[in-house]
Each structure stands twice: as C-alpha cells, then as structure tokens.
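Listed here are the chains, written in short residue letters.
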Amino acid sequence: MGRNLWYKVLGTLFVIVALVLWLLSIVVPETFGFFSLAWAGVVICGGLGLVILLNGCFQKNVSTIKKMKIWFGIALIVCAFLCLVSELAIQGSIVIPIIAIIIAGGLLITILATGGAKWDEGDNHKAGYKNYHERKAEEEKAEKEEGK
C-alpha cells in the first residue's frame, strides 16, 4: 500500500458522496431536493481541496512540490467558496475579503509546512560548505602531508 493511498481514497469518497447526493436530489426530490449542483461543487471542491492541502502539509517531499499542492488545495477551497456563494446568494461585498483571507491562510500554511525553505536552497547555503577551490586546497595539503 502506498503512502498516498488514503489521500486518494478520501478524495474519491468525497466525489462519490457528492454525486450520489446529487443523483438522490433528482430521484427523490422530496427528501434531497435541497442538494443541487452547486452543493455538489462545494462538497467536491472543498473536500478535494482539504485532502490536497493536508497531503501537501504532511507529505515529506521537496518544498516546491509541497507548496504546489498547498496552493492547488487553496485554489479548490476558493472554488468551493464560490460555489457556496452562488448557492446561498451571499452579499457580493464580502466575497472578495473572504477570498483574500483564504489566500492569506494558504500563505501561512505554506510557510509553516515548508519551514520557510526556498526552492533553490542548495548545499552552498549550509554551514560549513566549502567550494571547489577550498576543497582542492585541502586535498593538496593532505597529499603534501602524506608525502612527507
């Protein structure tokens, strides 16, 4: 079993639940009539967004890939919010500030999940790193000491 299996299963379950509820809203409108395509979009985008966000936060991977997964999850959460806006007819004046808060939260999560690591962080930024010339000088010094 792969490490990402649970994320895939959970994401697939969100999609199946939303589509089954949407089908039930068409077949049994008396009971499930409240569930529309917009609610299905909220469940699918929100659920997949949370799954991808959690995958990006807790997966041990390169920081660039983690950041990409987190931002893709945030984008899906914004899509879920837009579906919710269309379903509940939320005032237009508060939509943009809420989206800005979601994006700022995504920035905070990205910084916390990656530890602020830059994508191009290399060995030369680590303590004690020696460049080619320094290593070559040490090798020559060691050879001279061995030759004595």
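Refer to the structure presented above.
This section reports on the structure supplied with the text. Owing to the predicted nature of the structure, the values given are computational and were not obtained by experimental measurement.

### As for a negative patch on the surface
Step number 1: There is a patch of like negative charges on the surface, built from Glu139, Glu140, Glu143, Glu145 and Glu146.
Step number 2: Assignment of secondary structure puts Glu146 in helix α6 (residues 132-147).

### A few points about a nonpolar patch on the surface
Step number 1: A cluster of nonpolar residues, Leu5, Trp6, Val9, Leu13, Ile16 and Val20, forms a patch on the protein surface that exposes about 540 Å² of accessible area.
Step number 2: Among the structural elements, Val9 can be located in helix α1 (residues 5-27).

### Re the packing of aromatic side chains
Step number 1: Within the structure shown, the criterion is met by one aromatic pair.
Step number 2: With centroids separated by 6.2 Å and ring planes inclined at 90°, the aromatic side chains of Phe34 and Phe35 adopt a geometry described as edge-to-face.
Step number 3: Residue Phe34 is classed as exposed on the basis of its relative accessible area, which comes to 54%.
Step number 4: By relative accessible area, which is 6% here, Phe35 ends up buried.

### Let's talk about the environment of Val62
Step number 1: In this fold, Val62 is placed in the loop between α3 (37-58) and α4 (63-88).
Step number 2: Take Val62: its relative accessible area is 47%, and that puts it in the partly exposed class.
Step number 3: Taking C-alpha positions, Val62 is 8.7 Å from Thr114, a pair spaced 52 residues apart along the chain.

### With respect to α1
Step number 1: Taking 1.5 Å as the rise per residue, α1 with 23 residues should run 33 Å; its terminal C-alpha atoms sit 32 Å apart, in good agreement.
Step number 2: Structurally, α1 contributes buried residues whose contacts are with α2 (29-32) and α3.

### Some details on the environment of Asn4
Step number 1: When you line up the elements, Asn4 lands in the segment before α1.
Step number 2: For Asn4, a relative accessible area of 27% gives the class partly exposed.
Step number 3: A sequence separation of 134 residues divides Asn4 from Glu138, and the C-alpha atoms of the two residues are 45 Å apart.
Step number 4: Every residue in contact with Asn4, bar those within four places of it in the chain, is listed here: Asn55 and Gln59.

### Let's talk about the side chain of Lys66
Step number 1: Note that Lys66 resides in helix α4.
Step number 2: Within the structure, the side chain of Lys66 is placed 3.0 Å from the backbone oxygen of Ala113, a separation counted as a polar contact.
Step number 3: In this view, Lys66 contacts Gly56, Cys57, Gln59, Asn61, Ala113 and Thr114; residues no more than four positions away in its chain are not counted.

### Points about the nonpolar core
Step number 1: Core analysis: the largest hydrophobic core is formed by twelve residues, namely Leu53, Cys57, Ile70, Ile74, Ile77, Val78, Phe81, Val85, Val95, Ile99, Ile102 and Ala113.
Step number 2: Mapped by element, the contributors of at least two residues to this core are α3, α4 and α5 (95-114).
Step number 3: By residue number, the principal contributor to this core is α4, which donates six residues.
Step number 4: When sequence neighbours within four positions are dropped, the list of residues in contact with Leu53 reads Ile70, Gly73, Ile74, Ile77 and Ile109.

### Remarks on the side chain of Lys69
Step number 1: Along the polypeptide, Lys69 turns up in helix α4.
Step number 2: What makes Lys69 buried here is its relative accessible area of 18%.
Step number 3: A distance of 2.5 Å separates the side chain of Lys69 from the side chain of Gln59, its partner in a polar contact.
Step number 4: For Lys69, the residues in contact, after removing those within four places along its chain, are Ile52, Asn55, Gly56 and Gln59.

Here is what the cut-offs are and how they apply
Position numbers for residues count from 1 along each chain, tracking the sequence in the order it is written. Restriction of local features to residues with pLDDT of at least 70 applies here, the model being predicted, together with a cutoff of 80 or more for giving and counting side-chain atom pairs; totals for whole chains, interfaces and linings are based on all residues. Hydrogens and water are ignored here; the side-chain numbers use all heavy atoms of the structure. Surface patches are drawn from residues lacking salt bridges whose relative accessible area is over 30%; two like charges belong together within 9 Å, two nonpolar side chains (Val, Leu, Ile, Met, Phe, Trp, Tyr) within 5 Å. Residue exposure ignores everything except the shown protein chains as possible cover, and the areas themselves are Shrake-Rupley values with a 1.4 Å probe. Salt bridge, as used here, is a side-chain nitrogen of Lys or Arg placed within 4 Å of a carboxyl oxygen of Asp or Glu. Charge counting treats Lys and Arg as positive and Asp and Glu as negative, with His and both chain ends excluded. Here the site of a charge means atom NZ of a Lys, CZ of an Arg, CG of an Asp or CD of a Glu. Numbering goes from the N terminus for both helices and strands, where a helix is a DSSP run of H or I of at least four residues and a strand is a run of E of at least two. Paired rings are identified among Phe, Tyr and Trp, the last through its six-membered ring, by centres lying within 6.5 Å, and are further divided according to the angle between planes into stacked (under 30 degrees), edge-to-face (over 60) and tilted (the rest). Buried means the residue's accessible area, taken with a 1.4 Å probe over protein chains only, is under 20% of the maximum for its type, while exposed means over 50%, and partly exposed covers the values in between. A helix is expected to span 1.5 Å for every residue after the first. Note on definitions: a residue-residue contact is assigned when non-hydrogen atoms from the two residues lie within 4.5 Å. By the criterion applied in these results, polar contacts are pairs of N or O atoms within 3.5 Å in which, for protein atoms, one can donate a hydrogen and the other can accept it, and in which residues neighboring in sequence qualify only through two side-chain atoms. As used in this record, nonpolar core signifies buried Ala, Val, Leu, Ile, Met, Phe, Trp, Tyr and Cys residues forming a set joined through side-chain atoms within 4.5 Å.

Worth remembering: the numbers are spatial, not functional.
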